[in-house]
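# Residue-level structural notes
Read off the chains here:
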Amino acid sequence: MADFLTDARTTHSLSKEQIVRLLSEDARHDALLKAADDVRRRYVGDEIHLRGLIEFSNRCRRNCMYCGLRQGNLRAERYRLTPEQILDRAEKARDCGYRTIVLQSGEDPYYTVERMQEIIRGIKAMELALTLSIGEKTFEEYKAFRDVGADRYLLRIETTDRELYHRLDPGMSWENRARCLEDLRTLGYEVGTGSLVGLPGQSLESIADDLLFFKEIKADMVGIGPFIPHPDTPLGAEEGGKLMLSLRVMAVLRLLLPDINIPATTAMEALHPEGRLRALQGGANVIMPNVTEAEYRKLYILYPGKPGTDKEPALYRSDIAMKIRSIGRSVSEGYGFRGDYLKGKAVSSPE
Ligand code: 5AD
Ligand code: SF4
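Residues numbered from 1 in each chain as written. Chains lettered and ligands numbered in written order. Predicted model: local features only at pLDDT ≥ 70, side-chain atom pairs only at ≥ 80, totals over all residues. Heavy atoms only, no water.

### With respect to the pairing of strand S4 (residues 129–133)
A regular strand places its side chains on the two faces of the sheet in alternate fashion. Test applied: Note on exposure labels: buried denotes an accessible area under 20% of the residue type's maximum, exposed denotes more than 50%, and partly exposed covers the range between, all computed with a 1.4 Å probe on protein chains only. The secondary structure listing takes helices from DSSP runs of H or I that are at least 4 residues long and strands from runs of E that are at least 2 residues long, numbered from the N terminus. Strand pairing is defined by DSSP finding a minimum of two bridges between the two strands. By definition, the crossover connecting two strands over a helix is right-handed if that path, from the first strand to the second, turns clockwise as seen with the strands pointing away from the viewer.
Most of S4 is tucked away: five of the five residues are buried. Examined bridge by bridge, strand S3 (residues 100–105) and S4 share five bridges and lie parallel to one another. Along S4, the bridge assignment pairs valine 102 with threonine 131. For the segment spanning S3, helix H5 (residues 113–124) and S4, crossover handedness is right-handed.

Following this line, the structure appears as structure tokens:
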């Protein structure tokens, strides 16, 4: 049998059938992760980029069936940070050594375009690169954020299976989500997206389609996370995604898109204490440590089992740096590679 896994290390191309085989074969798990690790080393090197994540509001107008922040979850205790609190946190993160801040929230209309612009300006004045992860907006809104300096945007497509998406994200439209990703690209953002693994009713074929979609849209960053059932949601009694499969999906992603940024996601760590380290050894090159104040961090519960909820940011960073060194890798300290903030200008991604 010609070995398509070996070929994929250099061609970065796989058919849907080949992807499904790689995802289903336990026997090739280690070889697949090793191949992804090799490709990662050749294309993006040994440095790991840390992004400081601030979860600034857990209010959300949406009702995604899998998510603990869904509006219908009346048990969730809600909070919102003021622009001042957000900027204060960003400054602390910068003082701890972070060079990129990711601002994430539910879809919370309290943060109008004007409020967001004020926050974005404040963060850009600190010479930090800024990623937004605040959901579906109009082209004009995305443009307004970009105009005041937002560099990157994260919006997971969640799944490319339209039928599954519409079942799990009631009231939302897959086409609109895809439109958002296109708009972000048009506006010159670095575009991050991603998907969930192990959703109820999701097949390996559908996951293969997700991977091919990321290649088709030339995503700059892709986060893959296992679905973890949250007890206060309609999917609370479902089975949930597996770490092994999530790692394989991520490894195939690295083969297909050799030079993108791939985070070792928190959800992987929620399933296993070494989950993120395993991800870093199977294709990932980014970690997004949570720098939200502990008091709020513990209320931002997309899914249960979130790690690191009791540690202060500075400590958490040195903790992670130590783990990174223990696997022979290093933390990127500079603005560095690919779209990181460089002398007042975002470097555009090579197309
Ligand atoms: N398990 C894993 N990931 C989840 N997300 C939301 N709910 C869950 C869950 N139960 C992810 C979604 C979303 C991101 C912010 O969190 O993929 O895009
Ligand atoms: Fe809101 Fe995002 Fe959770 Fe959906 S996944 S309910 S949009 S926070």
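That covers the picture; the talk isn't over yet.
### Some words on the pairing of strand S7 (residues 221–226)
Of all six residues in S7, six are buried; the element is thus mostly enclosed. On S7, burial covers both faces: Met221, Gly223 and Gly225 on one face and Val222, Ile224 and Pro226 on the other are all buried. Here strand S6 (residues 190–197) runs beside S7; their pairing, made up of six bridges, is parallel. The residue of S7 that forms the bridge with glycine 192 is methionine 221.

### What to know about the packing of helix H2 (residues 16–24) against helix H10 (residues 243–256)
Our working rule: Each axis is a line fitted through C-alpha atoms, taken for helices only over the stretch in contact, and angles between the N-to-C directions span 0 to 180 degrees. We call a crossing left-handed when the near helix sits turned anticlockwise from the far one by less than a right angle, and right-handed when that turn is clockwise. In this description, contact between two residues means that some pair of their heavy atoms is separated by no more than 4.5 Å. In this count, Pro and Cys sit with the nonpolar residues alongside Ala, Val, Leu, Ile, Met, Phe, Trp and Tyr, while Asp, Glu, Lys and Arg are called charged and the others, Gly among them, polar.
Direction vectors running N to C along H2 and H10 enclose 140°, while the axes themselves pass 9 Å from each other. Along this stretch, H2 crosses H10, giving a crossing that reads as right-handed. Contacts from Ile19, Leu22, Leu23 and Ser24 of H2 reach H10 at Leu245, Arg248, Val249, Val252 and Leu256. Of the residues assigned to the contact of H2 with H10, the class counts are seven nonpolar, one polar and one charged.

### A short note on the site of ligand 1
The criterion, for reference: Here a residue counts as near a molecule or strand whenever at least one of its heavy atoms sits within 4 Å of it. Here a polar contact is recorded for every N or O atom pair within 3.5 Å, except that within protein the pair must consist of a potential hydrogen donor and a potential acceptor, and residues adjacent in sequence are included only if both atoms are side-chain atoms. Methods summary: accessible areas were calculated by the Shrake-Rupley approach with a probe of 1.4 Å, and residue burial reflects only the protein chains presented.
In the vicinity of ligand 1, the residues found are Tyr66, Cys67, Gln104, Arg156, Glu158, Leu196, Pro226, Phe227, Ile228, Leu302 and Tyr303. Contact between ligand 1 and tyrosine 66: a nitrogen atom at 2.8 Å from a main-chain N or O atom of the residue. Isoleucine 228 is positioned such that a nitrogen or oxygen atom in its backbone is 2.7 Å from a nitrogen atom of ligand 1. Here ligand 1 loses 88% of its free accessible area of 410 Å² to cover by the protein chains. Looking at the shell around ligand 1 residue by residue, the class counts come to eight nonpolar, one polar and two charged.

### Some details on the site of ligand 2
Lining the immediate surroundings of ligand 2 are Cys60, Arg62, Cys64, Tyr66, Cys67, Arg70 and Gly106. When the residues that make up the shell around ligand 2 are grouped by side-chain class, the tally is four nonpolar, one polar and two charged.

### Quick word on the sheet that holds strand S5 (residues 152–154)
What the six strands build is an open sheet, ordered S2-S3-S4-S5-S6-S7; its pairing is parallel. If you trace the sheet from one side to the other, it starts and ends with strand S2 (52–57) and S7, each paired once. For this sheet, the mean inter-axis angle between neighbouring strands, taken without regard to orientation, is 20°. Looking at chain direction, S2 and S3 are connected through five bridges and run parallel. Across the sheet, the residue bridging to serine 57 is serine 105, located in S3. Seen against the sheet, helix H4 (residues 83–95) touches S2 and S3 and runs at an angle of roughly 170° to S2.

### Observations concerning the side chain of glutamate 107
Within the secondary structure layout, glutamate 107 lies in the loop between S3 and H5. Among the residues examined, glutamate 107 registers a relative accessible area of 7% and is labelled buried. Among the polar contacts listed, one links the side chain of glutamate 107 to the backbone nitrogen of glutamate 136, at a separation of 2.9 Å. Sequence-distant contacts of glutamate 107, that is, excluding residues within four places in its chain, are made with Arg59, Cys60, Arg61, Arg62, Ile134, Gly135 and Glu136.

### Details of the packing of helix H3 (residues 29–44) against H10
Here is the rule we go by: Angles below 35 degrees are treated as roughly parallel, those above 145 as roughly antiparallel, those between 65 and 115 as roughly perpendicular, and all remaining angles as oblique.
Interhelical geometry of H3 versus H10 gives an angle of 40° and a closest axis separation of 8 Å. Classified by the angle their axes make, H3 and H10 are oblique. Once H3 is placed against H10, the crossing between them reads as left-handed. Residues His29, Leu32, Leu33, Ala35, Ala36, Val39, Arg40 and Val44 of H3 form the contact with H10, whose participating residues are Met244, Leu247, Arg248, Ala251, Val252, Arg254 and Leu255.

### Some details on the nonpolar core
We apply this condition: Note on terminology: a nonpolar core comprises buried Ala, Val, Leu, Ile, Met, Phe, Trp, Tyr and Cys residues joined through side-chain atoms within 4.5 Å.
Grouped together as the largest cluster of nonpolar side chains are 102 residues, with contacts concentrated most on Leu103, Met116, Leu132 and Phe145. It is H10 that provides the largest number of residues to this core, a total of 10 residues. If sequence neighbours within four positions are ignored, phenylalanine 145 has contacts with Val113, Met116, Ile120, Leu132, Ile134, Lys137, Ala150 and Tyr189.

### A short note on unusual backbone geometry
Unlike most non-glycine residues, histidine 12 shows phi in positive territory, near 55°. For histidine 12, a relative accessible area of 8% puts it in the buried group.

### Some words on the sheet that holds strand S1 (residues 47–50)
Read across the sheet, three strands follow the order S8-S1-S9 without closing on themselves; strand pairing throughout is parallel. Where the open sheet ends on each side, the last strands, each with one partner, are strand S8 (286–287) and strand S9 (330–331). Here S1 pairs with S8 via two bridges, running parallel. Looking at S8, one finds that leucine 50 is bridged to isoleucine 287.

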